[in-house]
Amino acid sequence: MTSLQLSAKEEMLEKFLDAAARGDLSQVSTLLSNAPSLINQTGHSGWTALMLAARNGHHHVAEKLLLLGCDKFSVNSSSQTAYDIATFWGHRHIAGLLGRAADGCGRILPGADLHPHENYFSRETLDRQSGRRTDKVWLEAKQSDSETVYLLFSNLSPMVRTQQQDGSEAQGDMKLCLFRFEEVKDLLLKPSSVTIFLGIEKTKSPSSSSSSEKAESLSEPPVWFAINTDEDAAALLERCREKNCSFPRSPNRDLLKLSEEEAGVVAQARSVLAWHSRYSFCPTCGGATKMEEGGYKRSCLNSECRSLQGVHNTCYPRVDPVVIMLVIHPDGNQCLLGRKKVFPVGMFSCLAGFVEPGETLEEAVRRETEEESGVTVGPVQYVSCQPWPMPSNLMIGCLAVAVSTDIKVDEKEIEEARWFPRQQVIDSLFRGDRSVFVIPPRQTIAHQLVRHWICMNSNL
Ligand SMILES: NC(=O)c1ccc[n+]([C@@H]2O[C@H](COP(=O)([O-])OP(=O)(O)OC[C@H]3O[C@@H](n4cnc5c(N)ncnc54)[C@H](O)[C@@H]3O)[C@@H](O)[C@H]2O)c1
Ligand SMILES: [Mg+2]
Ligand SMILES: [Mg+2]
Ligand SMILES: [Mg+2]
Ligand SMILES: [Zn+2]
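Note that the structure is predicted; figures quoted are calculated from it, not measured.

Ranked by internal contacts, the top residues of the largest apolar core, which has 52 residues, are F121, L198, L258, L326 and L337. With 8 residues, the top contributor of residues to this core is helix α13 (residues 260–278). When residues of this core are sorted by domain, at least three fall in each of domain 2 (126–278) and domain 3 (320–457). Residues in contact with F121, not counting those within four places in the same chain, are L255, L256, A263, G264, A267, Q386, P387, W388, P389 and M390. In this structure, A20, L32, V61 and C70 belong to the second largest nonpolar core, which totals 30 residues.

And the structure:
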């Protein structure tokens, strides 16, 4: 492609985005009929036409873009969808349009917020195909298929390559190293390796595919597996043809640099691999176990073991539910955030805690808030959840309303907790002001809960 062609394309994109931002429906329609691929493209700011229409309150443009199949879930560099933007700028009619489920679910679940809140670590790019896990013949055939994709984990860390050499922390700076069967087949045979089936790549929407693409899509998309091995890490890195590869040492920080798609795959793979590494022996009798069902089951080898009678949850990968809550002051204008000693300087986050056996989510929110801050909580509302693969938590995000306001922290866990006025939260969240406090990164559900609260009532 020549630079002239490239600039003509760029010019057309600029025109298209500008028309969407101005609400010029006829120009948006004309440009799209000439170049349909413009629909999901972003400009320098990382904003799509839909985001610009949502920002400026152009309902008719947003409606047209949705009708033509644009992706309403894509996010800008601040992780905002068009829905977030419409809500933040107070364009409720557009937020309503974007939040509406196409199949009329709104009638069946009146009053429900049907806009799916997508958190980091939650995007599902693979179809897990759980039915295939018991098909040993199919799994074995797929393991040696030349199209199959392997992720390589060492000490539960995936091999990644870093794009930037300046130690940048930005999301997308890290990419997973992908391997083929030939490159890892020796590892599959090692008794100490654990190989799990992740799923099949999801196919793209068939609506716009040409006939040649349709023929191609008849063959099954690539299958993904993950291997965890205790082979020497330096020798493993030599297997990769890419430069700047490593196994990140600090998952809590480093795994936040992946793209949304790759983070979703890692959330699944790391949690299941961590379960295998922690549950080598049968929790019921202490006997040896064997892996089954593509890595989604471990069965005891002791034929007398009680875990073999009926269904035992010890045989399946564990998930630990954790409630995480943004507690709102009874005046509606302050929220409760706390800090642990281990947090980076100045950082305050939502309170959180493990759900205990025999406890509802609402009770867990009330108990943990009261334990950690001394504040009593009344109504609790679920917002969204986030898999947190360190090693296998499910963070259940809630808003809660306080009925008492005096703070008395549990010093064993929390160093300090405070009520933060809405304006201070806005300054930290949107203006990057670190003078009062620092909010956790946007990949955390804590950040998203705070953002949700601010956007919920904003009419700026
Ligand atoms: N993604 C986010 O935004 C975010 C924010 C805050 C916390 N988190 C995660 O939530 C998790 C729980 O939060 P917390 O530490 O405040 O919980 P918490 O307040 O319940 O306190 C943790 C303590 O509970 C005990 N405990 C009870 N059940 C446990 C279990 N199943 N596993 C481990 N420990 C258990 C341990 O003694 C542990 O030290 C942490 O692991 C943290 O990584 C994520
Ligand atoms: Mg806690
Ligand atoms: Mg606690
Ligand atoms: Mg607890
Ligand atoms: Zn057993």
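In space, the 5 strands of this open sheet follow the order β1-β6-β7-β2-β3, with mixed pairing throughout. Here the strands that pair on one side only, and so sit at the sheet edges, are β1 (126–127) and β3 (157–158). Where strand β2 (residues 149–154) lies against β3, 2 bridges are found, and the strand directions are antiparallel. Paired with S154 across the two strands is S157, which belongs to β3. Strands in contact with helix α8 (residues 136–143) are β2, β6 (194–201) and β7 (223–229); relative to β7, the strand with the most contacts, it is inclined by about 80°. The strands touched by helix α9 (residues 181–189) are β2, β6 and β7; relative to β2, the strand with the most contacts, the crossing angle is about 50°.

This next bit is on the coordination of the magnesium ion (ligand 3). Reference geometry at the metal: tetrahedral coordination by four donors gives ideal angles of 109.5 degrees; octahedral coordination by six donors gives 90 or 180 degrees. For the magnesium ion (ligand 3), the full set of protein donor atoms is E368 (OE), E372 (OE) and E413 (OE), at a range of 2.1 to 2.5 Å. The motif formed by the donor residues of the magnesium ion (ligand 3), counted along the single chain, is E-x3-E-x40-E. The metal-metal distance between the magnesium ion (ligand 3) and the magnesium ion (ligand 2) comes to 3.2 Å, with E372 coordinating both. One end of the pair, E372, is in helix α14 (residues 361–373); the other, E413, is in the loop between β15 (393–402) and β16 (416–421), with 41 residues separating them in the sequence. Take E372: its relative accessible area is 1%, and that puts it in the buried class. Its relative accessible area of 26% is what places E413 among the partly exposed residues.

Turning next to the packing of helix α4 (residues 59–67) against helix α6 (residues 92–99). With their axes 10 Å apart at the nearest point, α4 and α6 run at an angle of 10° to one another. Comparing the axis directions of α4 and α6 gives the class roughly parallel. Along the contact surface, α4 presents H59, A62, E63 and L66, while α6 presents H93, I94, L97 and L98. Across the contact of α4 with α6, the residue classes break down as 5 nonpolar, 2 polar and 1 charged.

What follows concerns the UniProt feature "domain: Nudix hydrolase" (unreviewed entry) in the protein chain. Those places that UniProt annotates as "domain: Nudix hydrolase" (unreviewed entry) correspond, in this numbering, to residues 317–443. From the first C-alpha to the last, residues 317–443 spans 24 Å; its make-up is 18% helix and 37% strand.

This part takes up the site of ligand 1. Residues in close proximity to ligand 1 total 17 residues, the closest being K340, A352, F354, E372 and E413. At 3.0 Å, a backbone N or O of A352 approaches an oxygen atom of ligand 1. Look at ligand 1: alone it shows 850 Å² of surface, and the protein chains cover 59% of it. When contributions to the shell around ligand 1 are tallied by element, the ones reaching two or more residues are β11 (320–328), β13 (351–354), α14, β14 (377–388), β15 and α16 (445–457). Broken down by class, the residue content of the shell around ligand 1 amounts to 8 nonpolar, 4 polar and 5 charged.

For the rest of this paragraph, the subject is the UniProt feature "repeat: ANK" (unreviewed entry) in the protein chain. Residues annotated in UniProt with the feature "repeat: ANK" (unreviewed entry) correspond here to residues 45–77. Secondary structure across residues 45–77 comprises 52% helix and 0% strand; the distance between its end C-alpha atoms is 8 Å.

Let's shift gears to the coordination of the magnesium ion (ligand 2). The coordination sphere of the magnesium ion (ligand 2) contains the protein donors A352 (O), E372 (OE) and E413 (OE), at a distance range of 2.0 to 2.1 Å. Sequence positions of the donors to the magnesium ion (ligand 2) reduce to the motif A-x19-E-x40-E. When its relative accessible area of 22% is taken as the criterion, A352 is described as partly exposed.

A separate point is the confidence of the model for the protein chain. Across the protein chain, the average pLDDT comes to 90, with 90% of residues at or above 70. For this predicted complex, the interface confidence comes out at an ipTM of 0.97, alongside a pTM of 0.82.

What follows covers the sheet that holds strand β5 (residues 174–176). Within a beta sheet, neighbouring strands are joined by backbone hydrogen bonds and run either parallel or antiparallel to one another. Read across the open sheet, the 3 strands follow the order β5-β4-β8; overall the sheet is antiparallel. Bordering the open sheet on either side are β5 and β8 (245–246), each of which pairs with just one other strand. Pairing analysis gives 3 bridges linking strand β4 (residues 160–162) to β5, with the strands arranged antiparallel. Residue pairing for β5: V160 is matched across the bridge by L176.

Reading the values: the criteria
- Residues numbered from 1 in each chain as written.
- Chains lettered and ligands numbered in written order.
- Predicted model: local features only at pLDDT ≥ 70, side-chain atom pairs only at ≥ 80, totals over all residues.
- Heavy atoms only, no water.
- Core = buried A, V, L, I, M, F, W, Y, C linked by side-chain atoms within 4.5 Å.
- Buried < 20%, exposed > 50% of the residue type's maximum accessible area, 1.4 Å probe, protein only.
- Helix = DSSP H or I, 4+ residues; strand = E, 2+ residues; numbered from the N terminus.
- Domains from an automatic or database assignment.
- Contact = heavy atoms within 4.5 Å.
- Pairing = 2+ DSSP bridges.
- Axes fitted to C-alpha atoms, helices over the stretch in contact; angles between N-to-C directions.
- Donors = N, O, S within 2.8 Å, 3.2 Å for Na, K, Ca; no water.
- Parallel < 35°, antiparallel > 145°, perpendicular 65-115°, else oblique.
- Nonpolar A, V, L, I, M, F, W, Y, C, P; charged D, E, K, R; others polar.
- UniProt positions renumbered as here; feature names shortened; annotations may be inferred.
- Near = heavy atom within 4 Å.
- Polar contact = N/O pair within 3.5 Å; in protein donor to acceptor, adjacent residues only side chain to side chain.
- Areas by Shrake-Rupley, 256 points an atom, 1.4 Å probe, with all protein chains shown as cover.
- pLDDT = per-residue confidence, 0-100.

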